[in-house]
Amino acid sequence: MTLRNICGNGLTVPVRLNGKVISHVNEWNSDRVTEVLESAKSNFREFETQSEQLAETIITVEEATLHLISAFGDPTKPVQNQPALIQTCLRLFQGEAKGASLNSAYNTAWGLLNSVTEYFNWEGKKTQAETQLNSLWMGSKAKRQQQFMQQLVGVYVH
């Protein structure tokens, strides 16, 4: 192999090895490269399994609302007084999102996660393109989306 660098920046599923995120392998060591690539495959399989289980989990609008408020809102306020993020995600979840009518998304936990992702990618506060991409890939938007996915996985994936 003639690879000199393996880069994992910008991957939806980060490469984790022994509890650490591996973003680069900068020097050639075939054992290390193989270890990182195997870890990436394993991480992706786990993401695939979680995604499939979320797509098979039917949830109600009430459940979706509770998840959104738990993650992004104030549980002491009524739904109509929750932040725009929650209002928009609920509309997206209820059929306005891209692909919302697909069986994997319609009234499923995966559909709710995709509603949140669509909000952060397209509906939320707009910034400069470079700042927006950095935030989606590695910044606060990515972290919030990952935390929301972990919340859903914690409830629905066994």
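Residues numbered from 1 in each chain as written. Predicted model: local features only at pLDDT ≥ 70, side-chain atom pairs only at ≥ 80, totals over all residues. Heavy atoms only, no water.

### Notes on the pattern of salt bridges
Part 1 of the reasoning: Tallied over the entire structure, the rule returns 2 salt bridges.
Part 2 of the reasoning: As a salt-bridge pair, Lys 41 and Glu 38 come within 3.5 Å of each other at their nearest N and O atoms. Of this pair, Lys 41 and Glu 38 both sit in helix α1 (residues 30–55), 3 residues apart, which is roughly one turn of the helix.
Part 3 of the reasoning: A salt bridge links Arg 91 to Glu 96; the nearest nitrogen and oxygen atoms lie 3.6 Å apart.
Part 4 of the reasoning: Residue classification places Glu 96 among the exposed positions, given a relative accessible area of 53%. (Salt bridge = Lys/Arg side-chain N within 4 Å of Asp/Glu carboxyl O. Helix = DSSP H or I, 4+ residues; strand = E, 2+ residues; numbered from the N terminus. Buried < 20%, exposed > 50% of the residue type's maximum accessible area, 1.4 Å probe, protein only.)

### Some words on the packing of aromatic side chains
Part 1 of the reasoning: Within the structure shown, the criterion is met by 5 aromatic pairs.
Part 2 of the reasoning: Ring plane angle 70° and centroid distance 6.5 Å describe the contact between Phe 47 and Trp 110, whose orientation is recorded as edge-to-face. One end of the pair, Phe 47, is in helix α1; the other, Trp 110, is in helix α4 (residues 109–123), and 63 residues separate them in sequence.
Part 3 of the reasoning: Plain terms: the ring middles of Phe 72 and Phe 120 are 6.1 Å apart, the flat faces sit at 70° to each other, and that makes the pair edge-to-face. You can see Phe 72 sitting in helix α2 (residues 61–72) and its partner Phe 120 sitting in helix α4, a full 48 residues away along the chain. Each member of the pair, Phe 72 together with Phe 120, is buried.
Part 4 of the reasoning: A network of ring pairs unites the aromatic residues Phe 72, Tyr 119, Phe 120 and Phe 148 as a single cluster. (Phe/Tyr/Trp six-rings, centres within 6.5 Å; stacked < 30°, edge-to-face > 60°.)

### Considering the nonpolar core
Part 1 of the reasoning: Counting 28 residues, the largest nonpolar core has Leu 54, Leu 68, Phe 72, Leu 112 and Phe 148 as its most contacted members.
Part 2 of the reasoning: The set of elements that each furnish at least two residues to this core consists of α1, α2, α3 (84–96), α4 and α6 (140–156).
Part 3 of the reasoning: For this core, the leading source of residues is α4, giving 7 residues.
Part 4 of the reasoning: Setting aside residues up to four positions removed in sequence, Leu 68 forms contacts with Gly 73, Ile 86, Cys 89, Leu 90, Leu 112, Val 116 and Phe 148. (Core = buried A, V, L, I, M, F, W, Y, C linked by side-chain atoms within 4.5 Å. Contact = heavy atoms within 4.5 Å.)

### Some details on the packing of α2 against α6
Part 1 of the reasoning: Orientation of α2 relative to α6, taken along the N-to-C sense of each, is 130°, at an axis distance of 11 Å. Relative to α6, the element α2 lies oblique. Handedness of the crossing formed by α2 with α6: right-handed. For the pair α2 and α6, the contacting residues are Glu 63, His 67, Leu 68, Ser 70, Ala 71 and Phe 72 in the first and Arg 144, Phe 148, Gln 151, Leu 152, Val 155 and Tyr 156 in the second.
Part 2 of the reasoning: Residue composition of the contact of α2 with α6, grouped by class: 7 nonpolar, 3 polar and 2 charged. (Axes fitted to C-alpha atoms, helices over the stretch in contact; angles between N-to-C directions. Parallel < 35°, antiparallel > 145°, perpendicular 65-115°, else oblique. Left-handed = near helix turned anticlockwise from the far one by under 90°. Nonpolar A, V, L, I, M, F, W, Y, C, P; charged D, E, K, R; others polar.)

Everything listed is a geometric property; what it means functionally is a separate question.
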